[in-house]
Amino acid sequence: MMVAIGSHFVGQAHPVYVIGEIGLNHNGDVDIAKRLIDVAADAGAQAVKFQKRTPEISTPDHMKNTLRETPWGTMTYLEYRYRVEFDREQYIEIGDYATVNGLDWFASPWDEPSVAFLEDLNVVAHKVASASLTDSSMLRALADTGKPVILSTGMSTIEQIDTAVELFDADNLVILHATSTYPLPPEEANLRMIDTLSQRYTGVPVGYSGHERGLQVSLAAVALGAVVVERHITLDRTMWGSDHAASLEPGGFEHLVRDIRIISEALGDGVKRVFPGELAPMAKLRRVVA
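It should be emphasised that the depicted structure is a prediction, and the values quoted were computed from it without experimental measurement. Sequence positions are assigned chain by chain, starting from 1 and proceeding in written order. Thresholds applied to this predicted model are a pLDDT of at least 70 for local features of residues and 80 or more for the giving and counting of side-chain atom pairs; totals over whole chains, interfaces and linings are not thresholded and use all residues. To get the side-chain values, take all heavy atoms of the structure and skip hydrogens and water.

Bringing unusual backbone geometry into the picture now. For the peptide bond that leads from tyrosine 182 to proline 183, omega is -15°, which places it in the cis range. Structurally, proline 183 is set in the loop between β10 (173–178) and α9 (193–200). The phi dihedral of asparagine 27 falls on the positive side, at around 55°, and the residue is not glycine. Helix numbering and strand numbering both begin at the N terminus, where a helix is a DSSP run of H or I of at least 4 residues and a strand a DSSP run of E of at least 2. Mapping asparagine 27 onto the fold places it in the loop between β3 (17–23) and α1 (30–43). Burial classes: relative accessible area under 20% of the type maximum marks a residue as buried, over 50% as exposed, and values in between as partly exposed (1.4 Å probe, protein chains only). Exposure remark for asparagine 27: the relative accessible area of 13% places this residue in the buried category. Here asparagine 190, not a glycine, exhibits a phi torsion of approximately 50°, which is positive.

A separate point is the packing of helix α6 (residues 112–120) against helix α7 (residues 136–145). Between N-to-C directions, angles span 0 to 180 degrees; the directions come from axes that are lines fitted to C-alpha atoms, helices contributing only their stretch in contact. Between α6 and α7, the least distance of the axes is 9 Å, while the angle of their chain directions is 20°. When the axes of α6 and α7 are compared, the pair comes out roughly parallel. Between α6 and α7 lies a crossing of right-handed hand. On α7, the residues that touch Glu112, Val115 and Glu119 of α6 are Ser137, Met138, Ala141, Leu142 and Thr145. Classifying every residue of the contact of α6 with α7 gives four nonpolar, two polar and two charged. Should an angle fall under 35 degrees it is called roughly parallel, over 145 degrees roughly antiparallel, and 65 to 115 degrees roughly perpendicular, with every other angle called oblique. The sense of a crossing depends on the near helix, which, turned anticlockwise from the far helix by less than a right angle, makes the crossing left-handed and, turned clockwise, makes it right-handed. Any two residues whose heavy atoms approach within 4.5 Å are treated as being in contact. Think of it as three bins: nonpolar holds Ala, Val, Leu, Ile, Met, Phe, Trp, Tyr, Cys and Pro, charged holds Asp, Glu, Lys and Arg, and polar takes everything else, Gly as well.

This brings us to the sheet that holds strand β7 (residues 104–109). What holds strands together in a sheet is hydrogen bonding between their backbones, with the strands either parallel or antiparallel. Paired strands are those between which DSSP finds at least two bridges. Spatially, β7-β4-β3-β12-β11-β10-β9-β8 is the arrangement adopted by the eight strands of the open sheet, whose pairing is parallel. Unpaired on one side and paired on the other, β7 and β8 (126–128) mark the two borders of the sheet. Sheet twist, expressed as the average angle between the axes of neighbouring strands with direction ignored, equals 25°. Where strand β4 (residues 47–52) and β7 come together, six bridges link them in parallel fashion. When the sheet's bridge partners are listed, glutamine 51 is paired in β7 with serine 108. Relative to β4, helix α5 (residues 88–100) is tilted by about 165°, and along the sheet it contacts β4 and β7.

The term salt bridge refers to a side-chain nitrogen of Lys or Arg lying within 4 Å of a carboxyl oxygen of Asp or Glu. In the structure shown here, the tally under the stated rule is 11 salt bridges. Close ionic contact of arginine 231 with glutamate 212 constitutes a salt bridge, the shortest N to O distance being 2.9 Å. Placement of the pair is arginine 231 in strand β12 (residues 228–232) and glutamate 212 in the loop between β11 (206–210) and α10 (216–223), with a sequence separation of 19 residues. Note on arginine 231: relative accessible area 1%, which makes it buried. The residue aspartate 269 makes a salt bridge to arginine 273 at a minimum N-O spacing of 2.8 Å. For aspartate 269, a relative accessible area of 49% translates into the label partly exposed. Overall, the relative accessible area of 33% leaves arginine 273 in the partly exposed class.

Dropping the structure here:
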């Protein structure tokens, strides 16, 4: 089973689809967003992802007036959400920049108007953030677009995942195992869920969205069968913002993509054969030839 996203195919017979999650790590700055797109392209990823909100809808009521210290001064959480949102012209600019650099681009909408916003920009796919998995109304709006949907499953029960999956066409769905702890400690990664999800939702490609420090957990996910890997990227993990600490800097992301490609090649096809490199040692070392 495979799902077409932009010019790529996602599935076991295809290269691992690597997404550089920019999210809000651009801090509302188009130039930073473009530099992060460069990071993803230079590393050899296939896509970058952003987050799109309509702040007055997607911000929980109890958080709207909470004060937050920001680089732009003290402001309410709602004001902060508006401060880091890109408008239509800015999304066109960064979307075109991603396309020119050979990357698919899409976003996680956090409310129904944001679905319409992204559809107007003709994104190639939609991503469901783990926090939105139980938002059935928005999930139906995404299903109605007919676009491929990548569904993250952090902070969710298996019953909640079942309910969400039923809303989508299985032929156009990708599921990502995730644990929504930032940063993610290894003991909460639970990577065997990759196989659990693959067995439960037969034919649906399954990948991994990671929030851990370092590379080991994401690489293990590929060895366990993940066909998508999504990781947050940042220019500097010490930058201001909630996701930077759980993100990979440019060198780390480059190493991740490199190692994913090596592991994918090393996994092979599971068919036992004598490889050309074994012929000389066999002739030298094997005393009995059957």
